[in-house]
Amino acid sequence: MNAFERRIRTIIEAEGPLPLSRYMTLCLSDPHHGYYTTRDPLGVSGDFTTAPEISQMFGELIGLWCAEVWRAMSAAGGAARGAPQRLHLAELGPGRGTLMKDLLRAAKIVPDFLSAIDVHLVETSPVLAGRQRETLANAHPEISWHTRVEELPEGPLIVVANEFVDALPIDQFVKTQDGWRERRIGIVDGKLAFGLDPRPVPGIDESLPPRLRKAFVDSVLERRELGPVREIATRIAKAGGAALIVDYGHRRTTLAHTLQAVRAHEFADPLELPGEADLTSLVDFEALADSVKQQGARPWGPISQGVFLRRLGIEPRAERLKRDADAKTRADIDAALHRLVGEAPRQMGELFKAFAFTHPELPAPPGFDS
Ligand code: SAH
């Protein structure tokens, strides 16, 4: 048992079994023991690898996406759409800062965009914020850091977030003979264990899409705390702009247990060694779209990451990079391209989805227009 598990047990003894979202928040964000707060988990020697760490092409294409959205905002005109002389460009959960670095470098071909933006990074982890400062030294004259989206300044906004939403905490509910009941984490036989809260939770069936209202007993429903995404959608609906979210998940709400713990590139038990594994779950893009619509923003997609990156031109970009490269680098570029757009289960092209939302009067953003 690690020291953090001892602390979690004390909390359970005082408060009773914990909702999963509370357990995830503790494990990921506790100031002293949280997974993200205390380490840089990315890369080959870390626990997992993400698209911007696989290839510079990912951030570059997203940079051109942002510049194009900004052009569309300017062309649309009118106070409602922002017509932005000044624009806030924000990234949520920027990891090592690699995506933002590649984004800003690629955007140099649109100098008016670069001079219109100030850059904001929203990051809870002091360790990763430190990494981002190193990566982004001299990348842009105006970069500021925040720990919550509520701290972003007001005004027109373009937001990008890769593998951020999957780390937002979820609650789980299980269908039983007497209705939906919440899964909580307690102590059984001296160990952390999942159990069901005895009280049925009312109103869940009515809140589900009609096709899911007659779920079988033992079905699992996951509900995510989408507060940061809702806040961004509210601001975009009010002041203009767009957001791009890339993450792994389901196009439609699915009744399935998808919580997973990953340590050193392997699946682990989410209740073992709390704070030492990444805890995530698949993103429900149907719930995400509903939630941004409720805030007055317009959802686009999701489409698969493979289709999205191809539409943005990843193949010609790879060819261009290969032109000046040696044989080893050319092979690396091909492997990265394959991993990002390939559709096999261990590749990212189909598992990952791209989803956007915009001010309701903006046209379809690049990649979402056909
Ligand atoms: N986007 C990066 C990193 C993904 S890992 C990449 O693609 O490589 C998830 C990131 O989200 C980490 O930087 C983590 O510290 C951050 N994070 C997790 N929960 C957060 C929250 N509630 N608010 C802000 N950042 C958060």
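Coordinates for the structure precede this section.
Bear in mind that the values here come from a model prediction, so they are computed numbers and not experimental data.

Thresholds, definitions, all that
- Residues numbered from 1 in each chain as written.
- Predicted model: local features only at pLDDT ≥ 70, side-chain atom pairs only at ≥ 80, totals over all residues.
- Heavy atoms only, no water.
- Axes fitted to C-alpha atoms, helices over the stretch in contact; angles between N-to-C directions.
- Helix = DSSP H or I, 4+ residues; strand = E, 2+ residues; numbered from the N terminus.
- Parallel < 35°, antiparallel > 145°, perpendicular 65-115°, else oblique.
- Left-handed = near helix turned anticlockwise from the far one by under 90°.
- Contact = heavy atoms within 4.5 Å.
- Nonpolar A, V, L, I, M, F, W, Y, C, P; charged D, E, K, R; others polar.
- Phe/Tyr/Trp six-rings, centres within 6.5 Å; stacked < 30°, edge-to-face > 60°.
- Buried < 20%, exposed > 50% of the residue type's maximum accessible area, 1.4 Å probe, protein only.
- Pairing = 2+ DSSP bridges.
- Salt bridge = Lys/Arg side-chain N within 4 Å of Asp/Glu carboxyl O.

The N-to-C vectors of helix H5 (residues 56–76) and helix H13 (residues 314–323) enclose an angle of 125 degrees; their axes lie 11 Å apart at closest approach. Taken together, the axis directions place H5 and H13 in an arrangement best described as oblique. Crossing angle aside, the handedness with which H5 passes H13 is right-handed. In contact with Gln56, Met57, Glu60 and Leu61 of H5, H13 contributes Ile314, Arg317, Ala318 and Leu321. Taken together, the residues of the contact of H5 with H13 sort by class into five nonpolar, one polar and two charged.

We now examine the packing of aromatic side chains. A full pass over the atoms with the stated rule returns six aromatic pairs. On the numbers, 5.4 Å between centres and 45 degrees between planes, the contact of phenylalanine 308 with phenylalanine 368 is tilted. Placement of the pair is phenylalanine 308 in helix H12 (residues 305–311) and phenylalanine 368 in the segment after strand S16 (352–358), with a sequence separation of 60 residues. Of the two residues, phenylalanine 308 and phenylalanine 368, neither departs from the other in class, the shared state being buried. Seen in terms of ring centroids, phenylalanine 355 and phenylalanine 357 are 6.2 Å apart; in terms of plane orientation they differ by 50 degrees. Their pairing is tilted. Exposure remark for phenylalanine 357: the relative accessible area of 1% places this residue in the buried category. Every member of this aromatic cluster is reached through a ring pair, and the members are Phe285, Phe355 and Phe357.

Further remarks concern the pairing of strand S5 (residues 157–162). Along S5, six of the six residues are buried, which leaves the element largely enclosed by surrounding structure. With burial as the criterion, each face of S5 is covered, one bearing Leu157, Val159 and Ala161 and the other bearing Ile158, Val160 and Asn162. With four bridges connecting them, strand S2 (residues 87–92) and S5 associate as parallel partners. Counted as the bridge partner of histidine 88 is leucine 157 from S5. One ladder, built from six bridges, connects S5 with strand S10 (residues 241–250); its direction is parallel. Following the sheet pairing, alanine 161 is matched in S10 by isoleucine 245.

In this section: the sheet that holds strand S11 (residues 260–263). A sheet is described by the order of its strands in space; here three strands give the open sequence S12-S11-S13, paired in antiparallel fashion. Across the chains shown, the open sheet's two edge strands, defined by having one partner strand only, are strand S12 (266–268) and strand S13 (278–280). Taken pair by pair, the neighbouring strands of this sheet meet at an average axis angle of 40 degrees, ignoring direction. Where S11 and S12 come together, three bridges link them in antiparallel fashion. Of the residues in S12, the one forming a bridge with alanine 261 is alanine 268.

Positionally, aspartate 102 belongs in helix H6 (residues 98–106). With a relative accessible area of 4%, aspartate 102 lands in the buried category. Sequence-distant contacts of aspartate 102, defined by excluding residues within four places in its chain, comprise Pro52, Ser55, Gln56, Gly59 and Glu60.

What follows covers the environment of glutamine 294. When you line up the elements, glutamine 294 lands in helix H11 (residues 285–294). By relative accessible area, glutamine 294 is classed as exposed at 65%. Taking the C-alpha atoms as reference, glutamine 294 lies 17 Å from glycine 241; in sequence the two are 53 residues apart.

Moving on, we come to the packing of H5 against H6. Contact geometry of H5 with H6 gives a least axis separation of 7 Å together with a crossing angle of 55 degrees. What the angle tells us is that H5 and H6 run oblique. Of the two elements, H5 crosses H6, and the hand of that crossing is right-handed. Of the residues in H6, those in contact with Gln56, Phe58, Gly59, Glu60, Ile62, Gly63, Leu64 and Cys66 of H5 are Leu99, Asp102, Leu103, Arg105 and Ala106. The residue makeup of the contact of H5 with H6, split by class, is seven nonpolar, three polar and three charged.

As for its placement among the helices and strands, proline 316 is situated in helix H13. Among the residues examined, proline 316 registers a relative accessible area of 52% and is labelled exposed. Placed 307 residues apart in sequence, proline 316 and arginine 9 show a C-alpha to C-alpha distance of 54 Å.

Looking now at the pairing of S11. Inspection of the sheet shows S11 paired to S13 by three bridges, in the antiparallel sense. Within the sheet, the bridge partner assigned to glutamine 260 lies in S13 and is threonine 280.

For the structure on display, the rule yields 26 salt bridges. Taking the shortest distance from any N to any O, the salt bridge between arginine 131 and aspartate 40 comes out at 2.8 Å. On the criterion of sequence distance, the pair formed by arginine 131 in helix H8 (residues 126–136) and aspartate 40 in the loop between helix H3 (35–38) and helix H4 (51–54) is long-range, its members being 91 residues apart. With a shortest N-O distance of 3.2 Å, glutamate 350 and arginine 251 are connected by a salt bridge. Of this pair, glutamate 350 sits in the loop between helix H14 (327–341) and S16 while arginine 251 is found in the loop between S10 and S11, placing the two residues 99 residues apart along the sequence. Since its relative accessible area comes to 39%, arginine 251 is described here as partly exposed. Residues joined by salt bridges that share partners form a network here, namely Asp40, Glu53, Arg96 and Arg131.

These values are about where atoms sit, not about what they do.
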